[in-house]
Amino acid sequence: MTSHKSTQTMKPATAAKKLGVYLEATPAEFQEGVVSRDELAALQADPPEWLRELRRNGPHPRPVVAAKLGVSISGLARGGITEPLTTEQIDALKQESPEWLRKERATQAEVRKEAVRIKEKNTENTGNAAKKA
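Note that the coordinates shown come from a computational prediction; the quantities given were computed from them, not determined experimentally.

**Thoughts on unusual backbone geometry**
1) Next: Following Gly58, the chain continues to Pro59 via a peptide bond in cis, the omega torsion being 10°.
2) Next: As for its position among the elements, Pro59 is in the loop between α4 (49-57) and α5 (62-69).
3) Next: Here Ser97, not a glycine, exhibits a phi torsion of approximately 45°, which is positive.
4) Next: Of note, Ser97 is situated in the loop between α7 (87-96) and α8 (99-132).

Following this line, the structure appears as structure tokens:
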């Protein structure tokens, strides 16, 4: 008895998210098809020119824009950024450094510091619990 392994596929939106690109900017054949795990791995390992171009210049999806600006996705929304941005637009925003961006970066820095503090506290508490046991 042999088992037949079925090919796992994903919707183009899922594949685009995993690749870190904006779906609407991908080629039509990518948007209209399905992507297997093997195809996704191949795209990640050896990206075609269209994928390299999208990653380099955009337009970028909100999670990528937020990461490039050093803010949260919610921070983007509070700053009025709801659409995908190109690398050029992101660089321009960094140069302008509007008040909302400075504020959101500071907020994000505080969130990261608090996350580190909590992690350290949890690690310390785990160590103390192990000593008592």
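**A closer look at the pattern of salt bridges**
1) Next: Evaluation of the coordinates by the stated rule reveals seven salt bridges.
2) Next: Glu53 serves as the salt-bridge partner of Arg56, at 3.2 Å between the closest nitrogen and oxygen. Of this pair, Arg56 and Glu53 both sit in helix α4, three residues apart, roughly one helical turn.
3) Next: By relative accessible area, Arg56 is classed as partly exposed at 43%.
4) Next: A relative accessible area of 35% means that Glu53 is categorised as partly exposed.
5) Next: Across the pair Arg117 and Glu114 runs a salt bridge whose closest N-O atoms are separated by 2.6 Å. One end of the pair is Arg117 and the other is Glu114, both in helix α8 and three residues apart, which spans about a single turn.

**A look at helix α1 (residues 12-19)**
Helical periodicity: at 3.6 residues per turn, an α-helix aligns residues three or four positions apart in one direction.
1) Next: Listing the buried residues of α1 in full gives Pro12, Ala15, Ala16 and Leu19. In an axial view of α1, the angular spread of the buried residues amounts to 100°, which keeps them on one side of the axis.
2) Next: Next to the buried residues of α1 lie β1 (9-10), α2 (28-32), β2 (35-36), α3 (37-45) and α4.
3) Next: Residue Gly20 follows α1 closely and has a positive phi angle near 75°.

Parameters at a glance
- Residues numbered from 1 in each chain as written.
- Predicted model: local features only at pLDDT ≥ 70, side-chain atom pairs only at ≥ 80, totals over all residues.
- Heavy atoms only, no water.
- Helix = DSSP H or I, 4+ residues; strand = E, 2+ residues; numbered from the N terminus.
- Salt bridge = Lys/Arg side-chain N within 4 Å of Asp/Glu carboxyl O.
- Buried < 20%, exposed > 50% of the residue type's maximum accessible area, 1.4 Å probe, protein only.
- Arc of directions from axis to C-beta.
- Contact = heavy atoms within 4.5 Å.

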